[in-house]
Amino acid sequence: MESIDYLAEERKKAEFNVDEMKIVWAGSRRAFEVSDYISKLVADDPDLSFIFIECHRGIQGFSKEERTMLPRKELFKNTLRKSAYSWKHIIDHQLSEEEAERLRYFVDEPAFIDSHLGVFIPAIKGQGTKEQLKKWLPLAYKMQIIGCYAQTELGHGSNVQGLETTATFDPRTDEFVIHSPTLTSSKWWPGGLGKVSTHAIVYARLITDGKDHGINGFIVQLRSLEDHKPLPGITVGDIGTKFGNGAYNTMDNGVLRFDHVRIPRDQMLMRVAQVTKDGKYVQSDVPRQLLYESMVYTRQALVTYASGALSRAVCIATRYSAVRRQFGSQNGGQEIQVIDYKTQQSRLFPLLASAYAFRFVGEWLKWFYTDVTQRLQANDFSTLPELHATTAGIKSLTTTATADGIEECRKLCGGHGYLCSSGLPELYAVYVPACTFEGDNVVLLLQVARFLMKTVSQLSSGKKPTGTIAYMGKIEHLMQCRSDVEQAKDWLKPSAILEAFEARATRMSVACAQSLSKFDNPEEGFQELAPDLVEAALAHCQLIVVSKFIEKLQQDIPGEGIKQQLEVLCCIYALFLLHKHHGDFLVTGYITSKQGLFANEQLRALYTQVRPNAVSLADAFNHTDHFLGSILGRYDGNVYPKLYEAAWKDPLNESDVPDGFDEYIRPLLKQQLQTARL
Ligand SMILES: CCCCCCCC/C=C\CCCCCCCCCCC/C=C/C(=O)SCCNC(=O)CCNC(=O)[C@H](O)C(C)(C)COP(=O)(O)OP(=O)(O)OC[C@H]1O[C@@H](n2cnc3c(N)ncnc32)[C@H](O)[C@@H]1OP(=O)(O)O
Ligand SMILES: Cc1cc2nc3c(=O)[nH]c(=O)nc-3n(C[C@H](O)[C@H](O)[C@H](O)COP(=O)(O)OP(=O)(O)OC[C@H]3O[C@@H](n4cnc5c(N)ncnc54)[C@H](O)[C@@H]3O)c2cc1C
């Protein structure tokens, strides 16, 4: 049956070519084609799009929107089935790595495979020697072993140097003895560990000849490759149900304890340091920080995933805001679409703009990561500190804004947003741990702050800042200049925006550095000033996102109306931040309150410009209905009949009279009848 497009009128209003924008969003025509083909393949194949569960009626299929009604054990088994099926598809159809990654993405269920491919393999690549890569990578790529990343412990996560697990070298047998000396040293959280992984990269304190050399990674086999039982000395299991139904519960985050488990010496990852047969500890000439390299990789990847998650929420909220009507009916006519309310626009459109901004900064970060890792291969470590600070900061900024943005989109959908069938509660529950994993977002901003303080302190020594901190080279100008905006439209100039963000970031960093210099003990000062340092770090990160959006616009972007739309979105992103943090811009003396008001005035005008294009800008994300998993975000906008239909699928509606009526409701009703008779 042909479906009616309830959003057709909205789509007719678009002032740009949506198909061309889809390519800009995807990054290239080829990336678009791969994503488009794989997302449809997943949506159209019931083995990938449905959840099959054994129940008293035999095997029953459930759609994605129904996932939150299903029990964890069954969901987990279904995820194993999907992963095996996906893997077979990848092998049978010889999918490229890009296609395989897209397949995992569109299947859209957190699973052990994420840890295996997203953290375990990168850790071996980053910390293994050539021989170790040769031995372990083929096994991992063929999934003959499945691995996880066992760093965090019950007692320590953020403080990696505080981990307690020990790896003590025994020269008599040429082995390491891996041990969990305390309850708090139990590994706790690693994804894929609980029920699936056969191997783990275990972070442990390396001890030789009674000396503690700090943390290092070790490859440890956990389970038998025959019957999957834990090997002797290993206690392993799942840590329990997590936030939200469905959500992240398809992942087996695990707990792991070692009781003097022996592994061969060559299973210590030895790129950063080696232990010789006779127990000598030898430090390589590569920096110790390479132990943390896989975290840099994953943080970088999480930025693009942030734009993906935010775009889903924004797509749902935008389409629904165009369908939903409240108030203002005149002479029996239709009510106003809620998307026409300026308050709705001022909450929704900055998120739409943020999704695009995060896409472009993610693209750039991927390039930067590749560039630095190529240098690392050639033993050039000069750009590693900048890469660490940038990936940490941008991961922190984008994941926080995305988690908050998803929740805002839920509210933008009013009451219906609270229903699981809107897709938003589960999206939030799946997404929000990204603010914690791969580094707590505040802890990461403090890393950025350390980098900024170092940069400021080095300015006086004449060291020229480059890359993302090149702007600090203009410190004299940036400390003194004032905004020259005289009217609202002056805020449309990229140079006006850029200077505002550069001046604010510089002044906040310099103010922190000046306050720090008043402390005799710099570490004490850093702790005391941490809240200000976090704000300065955020200002620097926002500058990076804004400047990468502006740089994107300097590229040749073909397609009817595309550049104009992106210019509007870029200004919305920047001016929304300026409005939100206008206290920073005022206090640092770069703008006057009048110029702040001009920015807000311009922002409102930009919302009006986006309004006719909003639905099409959300369409440009090219999300299938399957991927969105949301009745409110359906492409055709046919929300009400589908919501009504879905309600009847809830298990509570299987019978008119609920279970428990006879025991708990009937006696109450009877009691009231008796009371009434009295
Ligand atoms: C279905 C089939 C499909 C098949 C599909 C096939 C293809 C699929 C392909 C790909 C799929 C990819 C999927 C990816 C998806 C991703 C999923 C993500 C899952 C997430 C799982 C989560 C994992 C985790 O959470 S792992 C644990 C993370 N833990 C942390 O982040 C801990 C945070 N703490 C720290 O990092 C550190 O403790 C610290 C940085 C806070 C402090 O470090 P420390 O050494 O104690 O102290 P400090 O003095 O501050 O630092 C010393 C110097 O080191 C510098 N530095 C610190 N960190 C780094 C670094 N990472 N890199 C470089 N340098 C670093 C620091 O700046 C200091 O330098 P200085 O010069 O001395 O000042
Ligand atoms: C879903 C999920 C999946 C995960 N997957 C893995 C995995 O695969 N492998 C793995 O090893 N780990 C994994 N983790 C663990 C994760 O990496 C840690 O939870 C994370 O690094 C934060 O550490 P923590 O839990 O110790 O938080 P804590 O450090 O205890 O944070 C608690 C609070 O203290 C604050 N805080 C901590 N230190 C400071 C400081 N120096 N200054 C100011 N404030 C501070 C934080 O901001 C936070 O508010 C996962 C976690 C989750 C939730």
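Along every chain, residues carry numbers that run from 1 in the direction the sequence is written. Think of it this way: whatever chain is written first is A, whatever ligand is written first is 1, and the rest follow in order. Thresholds applied to this predicted model are a pLDDT of at least 70 for local features of residues and 80 or more for the giving and counting of side-chain atom pairs; totals over whole chains, interfaces and linings are not thresholded and use all residues.

As named in an unreviewed UniProt entry, the chain is Acyl-coenzyme A oxidase, taken from Solanum verrucosum. UniProt positions are given in the numbering used here, feature names are shortened, and annotations may be inferred rather than shown by experiment. On record in UniProt, under Subcellular location (unreviewed entry), the comment for the chain is "Peroxisome". For the chain, the Cofactor (unreviewed entry) comment in UniProt is given as "FAD".

Strands are runs of DSSP state E lasting at least 2 residues, helices are runs of H or I lasting at least 4, and numbering of each runs from the N terminus. For the chain, the helix and strand inventory stands at 24 helices and 15 strands. Here the globule rule reads 2.2 Å times residues to the power 0.38, and the radius of gyration is calculated from C-alpha atoms. Rg of the C-alpha trace for the chain: 27 Å, near the compact-globule value of 26 Å for 678 residues, within the 12% margin. Partly exposed residues are those whose C-beta has more than 12 but fewer than 20 other C-beta atoms within 10 Å; with 20 or more the residue is buried, with 12 or fewer it is exposed, and the C-beta atoms are placed from the backbone. The buried share of the chain, taken over its 678 residues, is 45%. Partitioning the intrachain contacts of the chain with sequence separation of at least 6 by distance along the chain shows that 74% fall at a separation of at least 24. In this description, any two residues whose backbone-derived C-beta atoms lie within 7 Å of each other are considered to be in contact.

We now examine the UniProt feature "binding site: FAD" (unreviewed entry) in the chain. Within this numbering scheme, the UniProt entry marks Thr-152 and Gly-191 as carrying the feature "binding site: FAD" (unreviewed entry). These annotated residues cover 40 residues of sequence, and their C-alpha atoms lie no more than 10.7 Å from one another, placing them together at a single site. In this structure, Thr-152 sits in the loop between β3 (147-150) and β4 (166-170). In this structure Thr-152 touches Gly-157, Lys-187, Trp-188, Trp-189 and Pro-190, once residues within four positions along its chain are discounted. Overall, Gly-191 belongs to the buried group, with 27 C-beta atoms counted inside 10 Å.

Among the 23 residues in the neighbourhood of ligand 2, the closest are listed as Gln-151, Thr-152, Gly-157, Ser-158 and Trp-189. Of all the elements in the fold, those that place two or more residues in the shell around ligand 2 are α7 (112-127), β3 and α13 (441-459). Only Asp, Glu, Lys and Arg are considered charged in this grouping, and only Ala, Val, Leu, Ile, Met, Phe, Trp, Tyr, Cys and Pro are considered nonpolar; every other residue, Gly among them, is considered polar. Taken together, the residues of the shell around ligand 2 sort by class into 13 nonpolar, nine polar and one charged. For each residue, a C-beta position is placed from the backbone atoms; the residue is near a molecule or strand when that point lies within 6 Å of it.

Our next topic: the domain arrangement of the chain. Residue ranges labeled as domains rest on an automatic or database domain assignment. Entries for the chain in the domain assignment read domain 1 (17-109), domain 2 (118-284) and domain 3 (293-461 + 488-619). Contact residues are listed per partner, giving ten residues for domain 1 and 14 residues for domain 3. The residue makeup of the side of domain 1 that touches domain 3, split by class, is four nonpolar, three polar and three charged.

Turning our attention to the sheet that holds strand β10 (residues 254-258). Strand pairing requires that DSSP identify at least two bridges connecting the strands. The strand order across the open sheet built from three strands is β6-β10-β9, with neighbouring strands paired in antiparallel fashion. The open sheet terminates on both sides in strands that have one partner only, identified here as β6 (187-188) and β9 (234-238).

Okay, the site of ligand 1 next. Close contacts around ligand 1 come from 39 residues, with Ser-86, Gly-118, Gln-289, Tyr-292 and Gly-439 the closest. Contributions of two or more residues to the shell around ligand 1 are made by α5 (72-92), α6 (97-107), α7, α9 (293-323), α11 (384-412) and α13. Considering only residue class, the shell around ligand 1 consists of 18 nonpolar, 15 polar and six charged.

Let us look at the nonpolar core. The term nonpolar core refers to a group of buried residues, namely Ala, Val, Leu, Ile, Met, Phe, Trp, Tyr and Cys, whose C-beta atoms join them within 7 Å. One finds Leu-352, Ile-572 and Tyr-573 to be the most contacted residues of the largest nonpolar core, which totals 144 residues. The element best represented in this core is α9, accounting for 18 residues. Apart from residues lying up to four places away in sequence, Ile-572 is in contact with Phe-349, Pro-350, Ala-353, Leu-603, Leu-606 and Val-610. Counting residues in hydrophobic clusters, the runner-up holds 36 residues, among them Val-119, Ala-123, Ala-140 and Cys-148.

Moving on to the UniProt feature "domain: Acyl-CoA oxidase/dehydrogenase middle" (unreviewed entry) in the chain. The UniProt record marks residues 148-250 with the feature "domain: Acyl-CoA oxidase/dehydrogenase middle" (unreviewed entry), using the residue numbering of this structure. Along residues 148-250 the backbone is 0% helical and 40% strand, and the end-to-end C-alpha distance reaches 15 Å.

On to the confidence of the model for the chain. Confidence scores labelled pLDDT are given residue by residue by the predictor and lie between 0 and 100. On average, residues of the chain score 96 in pLDDT, and 99% of them reach the 70 mark or higher. Listed scores for the predicted complex are pTM 0.97 and ipTM 0.97.

On to α9, then. A helix is expected to span 1.5 Å multiplied by its residue count minus one. Spanning 31 residues, α9 covers 46 Å between terminal C-alpha atoms, matching the ideal 45 Å at 1.5 Å per step. Throughout, bend refers to the angle between the axes fitted to the seven residues that end at a position and the seven residues that start at it. Residue Thr-304 marks the point of greatest curvature in α9, where the axis turns by about 25°. Taken across its 31 residues, α9 has 30 buried, putting it largely inside the fold.

This next bit is on the environment of Ala-537. Along the chain, Ala-537 turns up in helix α17 (residues 530-553). On the basis of neighbour count, Ala-537 is assigned to the buried category, with 30 C-beta atoms found within 10 Å. Ala-537 sits 18 residues away from Gln-555 along the chain, and the two C-alpha atoms are 28 Å apart. If we ignore the near neighbours within four places in the chain, the residues touching Ala-537 are Gly-393, Leu-445, Val-448, Ala-449 and Leu-452.

Moving on, we get to the packing of helix α18 (residues 562-580) against helix α20 (residues 593-610). Note on method: axes are straight lines fitted to C-alpha atoms, helices fitted across the in-contact stretch only, with angles between N-to-C directions ranging 0 to 180 degrees. One can describe the packing of α18 onto α20 by two numbers: an axis separation of 9 Å at closest approach and a directional angle of 145°. Classified by chirality, the crossing of α20 by α18 is left-handed. Residues Val-568, Cys-571, Ile-572, Leu-575, Phe-576, Leu-578 and His-579 of α18 lie in contact with α20, whose contacting residues are Ala-599, Asn-600, Gln-602, Leu-603, Leu-606, Gln-609 and Val-610. Tallied by class, the residues present in the contact of α18 with α20 amount to ten nonpolar, four polar and no charged. Left-handed describes a crossing in which the near helix is turned anticlockwise from the far one by less than a right angle; the clockwise case is right-handed.

With that settled, the discussion passes to the pairing of β3. Of the two faces of β3, both are covered, the one formed by Gly-147 and Tyr-149 as well as the one formed by Cys-148 and Ala-150. Relative to strand β7 (residues 199-208), β3 is paired through four bridges, and the arrangement is parallel. Opposite Cys-148, over in β7, you have Ala-200 as the bridge partner.

Turning our eyes to something else, we now look at the packing of helix α15 (residues 494-516) against α17. Helix-helix packing is characterised by the crossing angle of the two axes and by the distance between the axes. α17 packs onto α15 with a crossing angle of 160° between their chain directions and a minimal axis gap of 9 Å. Judged on the interaxial angle alone, α17 and α15 are roughly antiparallel. Considering only the axes of α15 and α17, their crossing is left-handed. Contacts between α15 and α17 involve Pro-494, Ile-497, Leu-498, Phe-501, Glu-502, Arg-504, Ala-505, Met-508, Ser-509 and Cys-512 on the former and, on the latter, Asp-532, Leu-533, Glu-535, Ala-536, Ala-539, His-540, Gln-542, Leu-543, Val-546, Ser-547 and Ile-550. Residues belonging to the contact of α15 with α17 are distributed by class as follows: 13 nonpolar, four polar and four charged. The scheme is simple: roughly parallel for angles under 35 degrees, roughly antiparallel for over 145, roughly perpendicular for 65 to 115, oblique for anything else.

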